[in-house]
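Understanding the architecture of this molecule
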Amino acid sequence: MINSHIHQLLHNCICAERERERERERERERERMEETRKWEEIEMDCLLCIFERVGLEDLILGVPLVCKSWYEASTNPLCWKSLNFAQLNLHPNSHFVQRFKRQYGIEKFSCANFLKFAVDHSRQSALEIVLPSLDATFVSLGDLDYLSKECPELKRLSLPFIMFPQAEKHIPNCLSKWKKLEHLSMHGKPISFMEVLSELSFHCKNFKKLEMRGSYQDQEALAIATMLPKIKHLCLSKSYMSKEGLLTILRGCRELETLDVKYCIGFKVDDEIQKMASHIKTFEFVGCSLKRRFLHGI
């Protein structure tokens, strides 16, 4: 009986010791894994691959503060190829602006200087620039001129609705320097629209996509068809255009893959238009009407 009891105690002690040893081994394994996961030891190529995909806010206010290797990676121009300023709140009193001022020791924030700060980090390798559309961030002639000089590789540009008149007139001159531009997006048709088309046609041989709302006269629709016959994607939603103007574009732009004329005024999509657009993969025309619709009789 005693022997049996001693045997059981020994068995329990051995099992307990084995369990403690397994727990110690698991702890050692966790420590080994922690050592291999040190952020500062991640290879630079991996860091660049990740940081290429983060937004400007993280790239400016988060990544550089983690460790020395992350800071060094964040200064690589590969991380600054896509500059989407529209994702940031650039109002002077915003949380982002206040953090930026504290982190970089700046007393007065300037949207123009902040734009230059980001563009300079790209070292002339920026491929995409999306500018904000806030009242507090007018795009000036100087801003556009700086972009045209420092972003020669630009492929996509999105401009805001609110711009200084001098800057709007200067757009065609800038386009002559962005020879690799493929995609232009504007919230409103500029007063220099015909000149914009001319520069796109002459200088931007790989141009594929135009997004722009406004009032299009028949001669302007003809200019689109004549100067951009090989355009692939055209978004004119919430614009004014006559049926004849739309048919002119459909006749001239035979390589269109997508055409967006949703909520346009001046035409209804009938059988003739649908037949002319039958070659287009994606033709969106919901909400089109001959006249503007007013609510509540106003």
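Note that this is a predicted model, so its numbers are computed, not measured.

Next up on the list: the pairing of strand S3 (residues 156-159). Put simply, side chains in a regular strand alternate between the two faces of the sheet. Looking at chain direction, strand S2 (residues 128-130) and S3 are connected through three bridges and run parallel. Bridging across to S3, Glu 128 finds its partner in Arg 156. The pairing of S3 with strand S4 (residues 183-186) spans four bridges and is classified as parallel. Among the inter-strand pairings, Leu 157 is bridged to a residue of S4, identified as Leu 184.

On to the side chain of Ser 122, then. As for its placement among the helices and strands, Ser 122 is situated in helix H6 (residues 111-122). Polar side-chain contacts of Ser 122 include one of 2.6 Å to the backbone oxygen of Val 119. Not counting residues up to four positions away in its chain, the partners in contact with Ser 122 are Pro 77 and Trp 80.

One open sheet holds the eight strands; their spatial order is S1-S2-S3-S4-S5-S7-S9-S10, and the pairing between them is parallel. Of all the strands in the sheet, just strand S1 (82-84) and strand S10 (282-284) have a single pairing partner and so form its edges. If you compare each strand with its neighbour and ignore which way they point, the axes differ by 5 degrees on average.

It is worth spelling out the environment of Glu 57 at this point. Tracing the chain through its elements places Glu 57 in helix H3 (residues 56-61). Of the residues examined, Glu 57 reaches a relative accessible area of 31% and is grouped as partly exposed. As for Glu 57 and Phe 85, which are separated by 28 residues in sequence, their C-alpha atoms are 9.2 Å apart. Apart from the residues within four sequence positions on either side, Glu 57 is in contact with Gly 62, Leu 88, Phe 96 and Arg 99.

Below, the discussion takes up the packing of helix H9 (residues 193-203) against helix H10 (residues 218-227). One way to put it is that H9 packs onto H10 with a least axis distance of 10 Å and a crossing angle of 5 degrees. Classified by the interaxial angle, the pair formed by H9 and H10 is roughly parallel. On the side of H9, the interface is formed by Phe 193, Met 194, Leu 197, Ser 198 and Ser 201, while H10 contributes Gln 219, Glu 220, Ala 223, Ile 224 and Met 227. Here the residues of the contact of H9 with H10 are counted per class, giving six nonpolar, three polar and one charged.

With numbering matched to this structure, UniProt assigns "domain: F-box" (unreviewed entry) to residues 45-81. Counted over residues 45-81, helix gives 54% and strand 0%. Its end C-alpha atoms are 16 Å apart.

A word on the nonpolar core. Judged by nonpolar contacts, the single largest core of 78 residues is most densely connected at Phe 114, Leu 181 and Leu 184. Among the elements that take part in this core, H6 stands out by supplying five residues, more than any other. If you count residues domain by domain, this core takes at least three from each of domain 1 (80-207) and domain 2 (214-297). Beyond its immediate sequence surroundings of up to four residues, Phe 114 is in contact with Ile 60, Phe 85, Leu 88, Leu 90, Phe 96, Phe 100 and Phe 109.

Thresholds, definitions, all that
Residues numbered from 1 in each chain as written. Predicted model: local features only at pLDDT ≥ 70, side-chain atom pairs only at ≥ 80, totals over all residues. Heavy atoms only, no water. Pairing = 2+ DSSP bridges. Helix = DSSP H or I, 4+ residues; strand = E, 2+ residues; numbered from the N terminus. Polar contact = N/O pair within 3.5 Å; in protein donor to acceptor, adjacent residues only side chain to side chain. Contact = heavy atoms within 4.5 Å. Axes fitted to C-alpha atoms, helices over the stretch in contact; angles between N-to-C directions. Buried < 20%, exposed > 50% of the residue type's maximum accessible area, 1.4 Å probe, protein only. Parallel < 35°, antiparallel > 145°, perpendicular 65-115°, else oblique. Nonpolar A, V, L, I, M, F, W, Y, C, P; charged D, E, K, R; others polar. UniProt positions renumbered as here; feature names shortened; annotations may be inferred. Core = buried A, V, L, I, M, F, W, Y, C linked by side-chain atoms within 4.5 Å. Domains from an automatic or database assignment.

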